[in-house]
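# A structural walkthrough
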Amino acid sequence: MVLFLGEEGRWDAAEGLLRNCRVPQQGWCEALQGLALHRTGKFVESEEAFRLALERFDDKELREWTDPRYALDPSGDGVWGDLDGEEADTMAAWVWHLADPLYMVDGNDRWTEQMSRWTEIRAREEAEHPFGIPWGFDLQELLMRYGASIAWERRRQVQTSMRVGDTPDMVGRSLPHARQFMPPGELIEDPTGIPWGAWELNVNSPYTAYAPSYSPIFRPLDFQVARFRRGDSLRVVAAYTPGPGTARSAEDLFAEVPVETATADPFRSGGGDRTPPERNQPPRQGRMDPWGQPQPFGGSSYPEERMDPALLVQPPPGPFAAGAMFLSPGPGRDPIRVDGSEGGTGVYDVTVLNGQYVVSLEVYDEFESRAWRARQGARQADLIPGLTALSDVLLVKDVANLPETLESAIPDALPGHGIRAGGSVIAAWEVYGLEPGEPMAVNVAVNEADGDFFQRIGELLRLSEPEEPVVMTWEEGSPDGMRAFFRSVRLSLPNLEPGRYVLSIEVVLPGRDAMVTSTPLVIGG
């Protein structure tokens, strides 16, 4: 009855019905309550119900429901491996903490979504399936990875057999625009070391998919995050804007979404073969047209006469959009939250104790049900006395006067790492631990990024050696009595072709190892 009411969109009625739930299975009433609460957007209450259900499950079912490997892609499954005990518990906590789509929304709706999927799997095990085949691992995996179908379609087909009772050609439709919020394996291994641009929410053939009810469409942010030292503290400067989200791309208009299909079997390879898919093989994919309607397999391309140019433009966040930055030290610990200005664009400046954090920059337009997000790691240890260090590079807009302090540079921080072709940018940084009057040589270079620039997770940005790198060099002495020595330079780059580059600052001190700090620089067309 609960699922029947839900399929009619009456989850509130299902929630009311469950107040008098009486079933012999321990924890089942609470699981059904968690499902109904999740579907009505009450994620905190849903979490409470599911955790109570888990407490009442037997050990076997508890391990099965809480094991995240069923929701991980192959790389994540490989990292998970054969973990057990406390190590597995710690990893699972990090996985679900990272999978939470928006920290701005109370509760972890990706976790409650996974618990809801388990609940639906258990509820459907003895039920008839539209495919007309017995429930098995293949159907369970489809539901686990992509959620329950939101609609079904019976397709016309040519009779190819004289057999009586052939199963109708059925197609199950899933939510469009679903993203893979579950983190890939390389990010699970080192959550606080996530570099810029390494984590993009996958919409093209995601291995697992979810579309939050409060924001079915998620877009990335243009952003940059820079770290600076202040004694035993970490000063984080972050600038952001929903640049990529203002133009609705073909990625969203023609997004491939999971589609369940069946003639004799959902994974039929011909001749009625019922062999389930490989563990890492995603189901067939289908397309939705720009109006949210399913396009059958084998159909023609979208008719040009139906294309409304207005559909190609997605407006920026509205006046009620809110932004926030979270510095999360990890699961089970309260994140540090800094609220931004309305409108979805701004600069954050916050100082926290040295440590390891995941930085989450978020913009949520609750009125229009849209969201933007970017995540990156930020960590810093105390500086050992007698040693020197460099800050990150902060990219600053090409303002008239070069900033002379970090405080004067922050308001004009560039919201991202991109500039237009032929443009200029200001690079700002700090040096720490210098002796009074200590001489230093500074080298600034802009080099082409190698092919692994955005893929080599956690590694130092590597520099190639183009034929004509852009270089600026000078020598100077450090002033007396300055714990943080600030510098900024203006870089005019008229001859660089559009592409990806690495901006690096090298500081060479006599008798010490050279220090290098690097940041991505993207030249637009």
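Residues numbered from 1 in each chain as written. Predicted model: local features only at pLDDT ≥ 70, side-chain atom pairs only at ≥ 80, totals over all residues. Heavy atoms only, no water.

### Observations regarding the overall build of the chain
Where we set the bar: What counts as a helix is a DSSP run of H or I of at least four residues, what counts as a strand is a run of E of at least two, and both are numbered from the N terminus. The buried label applies to any residue whose accessible area, calculated with a 1.4 Å probe on protein chains only, is under 20% of its type's maximum; exposed applies above 50%, and partly exposed to all values in between. The contact criterion used throughout is that any non-hydrogen atoms of two residues lie within 4.5 Å.
Looking only at helices and strands, the chain features 12 helices and 22 strands. Sorting the 525 residues of the chain into buried and exposed places 51% on the buried side. Counting contacts in the chain only where the partners sit at least 6 residues apart, residues at least 24 apart contribute 73% of the total.

### Describing the pattern of salt bridges
Heads up, the condition is: By definition, a salt bridge exists where a carboxyl oxygen of Asp or Glu is found within 4 Å of a side-chain nitrogen of Lys or Arg.
Going through the model one piece at a time under the given rule, you end up with 22 salt bridges. In this structure, the salt-bridge partner of Arg39 is Glu120, at a minimum N-O distance of 2.9 Å. Highlighted residues: Arg39 in helix α3 (residues 28–39) and Glu120 in helix α8 (residues 109–124), separated in sequence by 81 residues. By relative accessible area, which is 26% here, Arg39 ends up partly exposed. The shortest N-O distance in the salt bridge between Arg124 and Glu120 comes to 3.1 Å. A residue pair is termed a helical-turn pair when its members lie 3 or 4 positions apart in one helix, as Arg124 and Glu120 do in helix α8 at four residues.

### What about the packing of aromatic side chains?
Rule in force here: Note on aromatic contacts: the rings of Phe and Tyr and the six-membered ring of Trp form a pair at centre separations within 6.5 Å, being stacked when their planes are under 30 degrees apart, edge-to-face when over 60 apart, and tilted otherwise. Distance and angle both matter: a charge sits over a ring if NZ of Lys or CZ of Arg is within 6 Å of the ring centre and within 35 degrees of the ring normal.
All told, the structure shown has 12 aromatic pairs when counted by the stated rule. Each ring, one from Trp429 and one from Trp474, has its centre 6.3 Å from the other, and the planes form 40 degrees; the classification is tilted. Here Trp429, found in strand β17 (residues 424–432), pairs with Trp474, found in strand β19 (residues 470–477); they are 45 residues apart in sequence, far enough to count as distant. Given a relative accessible area of 1%, Trp429 falls into the buried group. A connected cluster of aromatic rings, assembled from ring pairs, spans Phe57, Trp65, Tyr70 and Trp118. The side chain of Arg51 reaches across the aromatic face of Trp111, ending 4.2 Å from its centre. When the ring centre of Tyr103 is taken as origin, the NZ or CZ atom of Arg375, which lies over that ring, is 4.1 Å away.

### Quick word on the side chain of Gln380
The following threshold applies: Between N or O atoms, a polar contact is any pair within 3.5 Å; within protein, one atom must be a potential hydrogen donor and the other a potential acceptor, and residues adjacent in sequence are included only when both atoms are from side chains.
Checked against the element boundaries, Gln380 lands in strand β13 (residues 370–380). Separated by 3.3 Å, the side chain of Gln380 and the backbone oxygen of Ser233 make a polar contact. Beyond its immediate sequence surroundings of up to four residues, Gln380 is in contact with Arg227, Phe228, Arg229, Ser233, Leu234, Asn354 and Gly355.

### Topic: the sheet that holds strand β4 (residues 222–230)
In plain terms, the rule: The rule for pairing is simple: two strands pair if DSSP sees at least two bridges between them. Note on geometry: axes are lines fitted to C-alpha atoms, helical ones only across the stretch in contact, with angles between N-to-C directions running from 0 to 180 degrees.
If you trace the three strands from one edge of the open sheet to the other, you get β4-β5-β11, paired in antiparallel fashion. Looking at the sheet topology across the chains shown, the edges are occupied by β4 and β11 (346–353). When strand polarity is set aside, the average angle formed by the axes of neighbouring strands in this sheet is 15 degrees. Of the strand pairs in this sheet, strand β5 (residues 233–241) and β11 are connected by eight bridges, and their pairing is antiparallel. Directly across from Ser233, in β11, lies its bridge partner Leu353.

### Here we look at the nonpolar core
Using the following cut-off: For this analysis, a nonpolar core means a set of buried residues of the types Ala, Val, Leu, Ile, Met, Phe, Trp, Tyr and Cys, connected via side-chain atoms within 4.5 Å.
Trp11, Trp65, Trp80, Met115 and Met182 are the most contacted members of the largest nonpolar core, which totals 41 residues. Those residues within four positions of Trp80 in sequence are excluded, and the remaining contacts are Asp67, Pro68, Arg69, Leu72, Ala88, Met91 and Ala92. Grouped together as the second largest cluster of nonpolar side chains are 28 residues, Trp429, Val431, Leu434 and Leu509 included.

### Considerations on α8
Test applied: Residue count minus one, scaled by 1.5 Å, sets the expected span of a helix.
For α8, with 16 residues, the first-to-last C-alpha span of 22 Å sits near the 22 Å given by 1.5 Å per residue. For α8, the tally of buried residues reaches 14 of 16 residues, placing the bulk of the element in the interior. If you check the start of α8, you find a side-chain oxygen 3.2 Å away from the backbone N of Arg110, and it comes from Asn108.

### What about unusual backbone geometry?
Apart from glycine, the bulk of residues carry a negative phi angle, and the bulk of peptide bonds sit in the trans form. In this structure, Ser369 takes a positive phi of about 55 degrees despite not being glycine. With respect to the secondary-structure elements, Ser369 resides in the loop between β12 (355–365) and β13. A residue is classified by how much of its surface remains accessible, and Ser369, at 29% relative accessible area, is partly exposed.

### Quick word on the packing of α3 against helix α4 (residues 43–56)
Which entries qualify depends on this criterion: Angles are sorted into four bins: roughly parallel if under 35 degrees, roughly antiparallel if over 145, roughly perpendicular if 65 to 115, and oblique for all others. In this scheme, a crossing is called left-handed if the near helix is turned counterclockwise away from the far one by less than a right angle; it is called right-handed if the turn is clockwise. Polar here means any residue outside two lists: the nonpolar Ala, Val, Leu, Ile, Met, Phe, Trp, Tyr, Cys and Pro, and the charged Asp, Glu, Lys and Arg; Gly therefore counts as polar.
Viewed as axis vectors pointing N to C, α3 and α4 meet at an angle of 165 degrees, and their least axial separation amounts to 8 Å. Between α3 and α4, the angle falls in the class roughly antiparallel. Note on packing geometry: the crossing formed by α3 with α4 is left-handed. Counted together, Glu30, Ala31, Gln33, Gly34, Leu35, Leu37 and His38 of α3 and Phe43, Glu45, Ser46, Ala49, Phe50, Leu52, Ala53 and Arg56 of α4 form the full contact between these two elements. Considering only residue class, the contact of α3 with α4 consists of eight nonpolar, four polar and three charged.

### Quick look at the sheet that holds β13
Here five strands make up an open sheet; going across it, the order is β3-β13-β12-β9-β10 and the pairing mixed. Looking at which strands have only one partner, the edges of the open sheet turn out to be β3 (217–220) and β10 (336–339). Averaged over all adjacent pairs, the angle separating strand axes in this sheet is 25 degrees, with direction ignored. Here β3 pairs with β13 via four bridges, running parallel. Within β13, the residue paired with Ile217 across the bridge is Arg370. Contacting β9 (322–328), β12 and β13, helix α7 (residues 85–99) runs over the sheet at an angle of about 135 degrees to β13.

### Notes on the confidence of the model for the chain
Note the following rule: Each residue carries a pLDDT value, the predictor's own confidence for that position, ranging from 0 to 100.
Per-residue confidence for the chain gives a mean pLDDT of 78, with 77% of residues at or over 70. Mean pLDDT values over the elements of the chain span from 36, in helix α11 (residues 250–253), up to 98, in strand β15 (residues 394–396). The low-confidence segment residues 244–313, where pLDDT is below 50, has 163 contacts with residues more than four positions distant or belonging to other chains. Low confidence marks residues 453–467, where pLDDT is under 50. Its contacts with residues over four positions away, or in another chain, come to 27 contacts.

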